Amino acid sequence: MGIKNAVQKTIAYQKRNGTRAAFFAALERVSDNFKDKYDYVPISEEALKEQNIEYKLLAEAGNCVRFSIVVPLFNTPEKYLKEMIESVIAQTYGNWELVLADASMNTSDMALEYAKEDPRIRYYHLDKNEGISLNTNKGLEKASGDYIGLLDHDDILTPDALYEVSRVIRKSMKQNKLSRYDVCPVRLIYSDEDKFDEGGNSFYELHAKPSFNMDYLFSNNYICHFTVIRADIIKRLKLREKYDGAQDYDLFLRACAEATLEMPMASGQIVHIGKVLYHWRCHKGSTAANPASKTYAYEAGKAALSDLMERYHIKAEVEALQHLGFYRINYVPDIFAGRGDVGCVGGKLLNKRRRLIGGAYTKEGAVMYENLPEGYSGGLQHRAVLQQDCAAVDIRCMAVRSELIPLYEEVLGVKYLDTFTPRLSVNGEIQSEAGKRPEAADDRFIAYNDAEIIRLSMKLCEEIRKRGYRIVWDPKAVQRVQ
């Protein structure tokens, strides 16, 4: 990121959130930049050749999933258009079609020439510009693939993108002994991504994403690019013009909620590929380079979340956080009332030095965001201040739904006490009720060391997850410990 752009973003952040918040944000950004030594390493030519050979064998066998890549065009600079199209042509997996839905005033001679040379490229000049969502829907209508991927007109795919996605689908088809792709359990696949500068000379800001995490998705559109969705699902859901600017986010929310809030769990339906398959171009005025350039998009994202809450009859208020494009769901009266899938919720624990020492744990029992200073957000994706699913939360700052209180008392051997809700306040401080002094410290676990606390936390949460419930971490609830 250029110095001028960084300064502009810091000033805009200070105006929105105040000097103190801007100070911590700038300090954290400097620290992140110092630690960030990301260097994109392209896949080797040898590996690409092997993938291409494997594809040809699959094609000869006559059982290849077909991909449609839908790209809405609008006054796309020829340089960007050429690079985008060439990145699709370069795919090692060849069973694809590129659907270009162009809402520009004039037709693109370049796109027409590409379509003439390669029948897999289909160019449609639209009668009028109806906005990003409706323009994309026009492309979806023309798509004939089993799965459909979305690609922005100025971004590029890595040459192994479709090959890696096809592997996920083929694995599911084989495991489930299926022959029709429209009944494949995999409904949505997403990959890691990075950004590249306008000249295409450098890659930076790796976004290494976690496995599917519904509550994290409620906090931010972390799925973003490259995303492929089963054709029947995306054609049924479509993009909605009232959420233009956040139309992809709205689509992902609805597609994922069907697999999490309507079905028992999303296992096997939403798959993350832990490789960079998408390069997001940053140029002057783009959202990638300057988030504030499209603030309407973040309002649309907030509206999409509110709509989803209403759709599933969840009483909640959606709050925009300090960082653009990040949100918080405030459940009324609590998360258990509207979310039957949540069995347990926990907060974070800070020591005297105001550093994070516990709260959310990985499946291996490691403290997530350990030693992060209070006021820091956890890096470019701000994960340490966002609600999210996790393997376990700490028993010292925890609430469980009423049906699970007997389980809590059986596993821990102590009487249940909600140590989460009383400590949830507007400013994150520990309070029992508004305006009253903080509660006395919970001494039920005072004799246990850190390792034992983590062991018990993991044991209880494992039992809760075995019963089909989700564990949610909410870092706004704070418990201070010695």
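Residues numbered from 1 in each chain as written. Predicted model: local features only at pLDDT ≥ 70, side-chain atom pairs only at ≥ 80, totals over all residues. Heavy atoms only, no water.

Side note on the environment of A300
Relative to the assigned elements, A300 resides in helix 11 (residues 295-311). Each C-alpha atom, one on A300 and one on A246, is 5.5 Å from the other, the two residues being 54 residues apart in sequence. Residues within four places of A300 in sequence aside, it is in contact with Y243, D244 and A246. (Helix = DSSP H or I, 4+ residues; strand = E, 2+ residues; numbered from the N terminus. Contact = heavy atoms within 4.5 Å.)

So, a negative patch on the surface
Residues E78, D109, E113 and E117 make up a contiguous surface patch of negative charge. Considering each element in turn, the negative patch owes the most residues, 3 residues, to helix 5 (residues 109-117). Its location among the elements puts E113 in helix 5. (Patch = residues over 30% accessible without salt bridge, like charges linked within 9 Å, V, L, I, M, F, W, Y side chains within 5 Å. Areas by Shrake-Rupley, 256 points an atom, 1.4 Å probe, with all protein chains shown as cover. Salt bridge = Lys/Arg side-chain N within 4 Å of Asp/Glu carboxyl O. Lys, Arg positive; Asp, Glu negative; His and termini not counted. Charge placed at Lys NZ, Arg CZ, Asp CG, Glu CD.)

Describing the packing of aromatic side chains
To describe a pair of aromatic rings, you give the distance between the ring centres and the angle between the ring planes. Tallied over the entire structure, the rule returns 11 aromatic pairs. Note on F445 and Y448: the rings are 6.2 Å apart at their centroids and 45° apart in plane angle, and the pair reads as tilted. By relative accessible area, which is 4% here, F445 ends up buried. Residue classification places Y448 among the partly exposed residues on the basis of a relative accessible area of 34%. R383 extends its terminal NZ or CZ atom over the ring of Y216, reaching a point 4.5 Å from the ring centre. (Phe/Tyr/Trp six-rings, centres within 6.5 Å; stacked < 30°, edge-to-face > 60°. Buried < 20%, exposed > 50% of the residue type's maximum accessible area, 1.4 Å probe, protein only. Lys NZ or Arg CZ within 6 Å of the ring centre and 35° of its normal.)

Section: the pairing of strand 18 (residues 470-480)
With respect to burial, strand 18 is a largely interior element, 9 of its 11 residues being buried. Here strand 12 (residues 342-350) pairs with strand 18 via 7 bridges, running parallel. Of the residues in strand 18, the one forming a bridge with K348 is V478. In terms of strand pairing, strand 15 (residues 388-389) meets strand 18 through 2 bridges, oriented antiparallel. Across the sheet, residue Q388 finds its bridge partner in strand 18, namely W473. (Pairing = 2+ DSSP bridges.)

What about the pattern of salt bridges?
Within this structure, the stated rule accounts for 32 salt bridges. A salt bridge links R240 to D307; its shortest N-O distance comes to 2.8 Å. Of this pair, R240 sits in the loop between helix 9 (231-237) and helix 10 (247-260) while D307 sits in helix 11, and the two are 67 residues apart along the sequence. Note on accessibility: R240 and D307 belong to one class, buried. Taking the shortest distance from any N to any O, the salt bridge between D307 and R311 comes out at 3.8 Å. Note that D307 and R311 are positioned in helix 11 at a spacing of 4 residues, about one turn of the helix. Via salt bridges that share partners, D215, R339, D341, D389 and R470 belong to a single interconnected network.

Concerning helix 14 (residues 450-466)
Its 17 residues give helix 14 an end-to-end C-alpha distance of 24 Å, which sits within 8% of 24 Å, the value for a rise of 1.5 Å per residue. The set of residues buried in helix 14 consists of I453, I454, L456, S457, M458, L460, C461 and I464. Contacts from the buried residues of helix 14 go to strand 12, strand 14 (360-361), strand 16 (392-393), strand 17 (398-400), helix 13 (405-412) and strand 18. One side-chain oxygen of the residue at the start of helix 14 lies 3.2 Å from the amide nitrogen of A451, identifying that residue as N449. The positive-phi residue at the C-terminal boundary of helix 14 is G468, with phi of around 90°. (Expected span 1.5 Å × (residues − 1). Polar contact = N/O pair within 3.5 Å; in protein donor to acceptor, adjacent residues only side chain to side chain.)

Some points on helix 7 (residues 161-175)
If you check helix 7, its first and last C-alpha atoms are 22 Å apart, about what 15 residues at 1.5 Å a residue would give, namely 21 Å. Within two residues after helix 7, K177 carries a phi angle of roughly 55°, on the positive side.

What about the confidence of the model for the chain?
Mean pLDDT over the chain: 89, with 85% of residues reaching 70 or higher. Scored below 50 in pLDDT, residues 20-26 shows 9 contacts in the model against residues more than four places distant or in partner chains. (pLDDT = per-residue confidence, 0-100.)

A look at the environment of A304
Relative to the helices and strands, A304 is located in helix 11. Each C-alpha atom, one on A304 and one on A246, is 7.8 Å from the other, the two residues being 58 residues apart in sequence. For A304, the residues in contact, after removing those within four places along its chain, are Y243, D250 and L253.

Comments concerning the packing of helix 10 against helix 11
Packing of helix 10 against helix 11 leaves a shortest axis separation of 9 Å and a crossing angle of 25°. Judged by the angle between their axes, helix 10 and helix 11 are roughly parallel. Here helix 10 runs over helix 11; the crossing is right-handed. Across the interface between the two elements, Y249, D250, L253, R254 and A257 from helix 10 touch G301, A304, L305, L308 and R311 from helix 11. A per-class count over the contact of helix 10 with helix 11 returns 6 nonpolar, 1 polar and 3 charged. (Axes fitted to C-alpha atoms, helices over the stretch in contact; angles between N-to-C directions. Parallel < 35°, antiparallel > 145°, perpendicular 65-115°, else oblique. Left-handed = near helix turned anticlockwise from the far one by under 90°. Nonpolar A, V, L, I, M, F, W, Y, C, P; charged D, E, K, R; others polar.)

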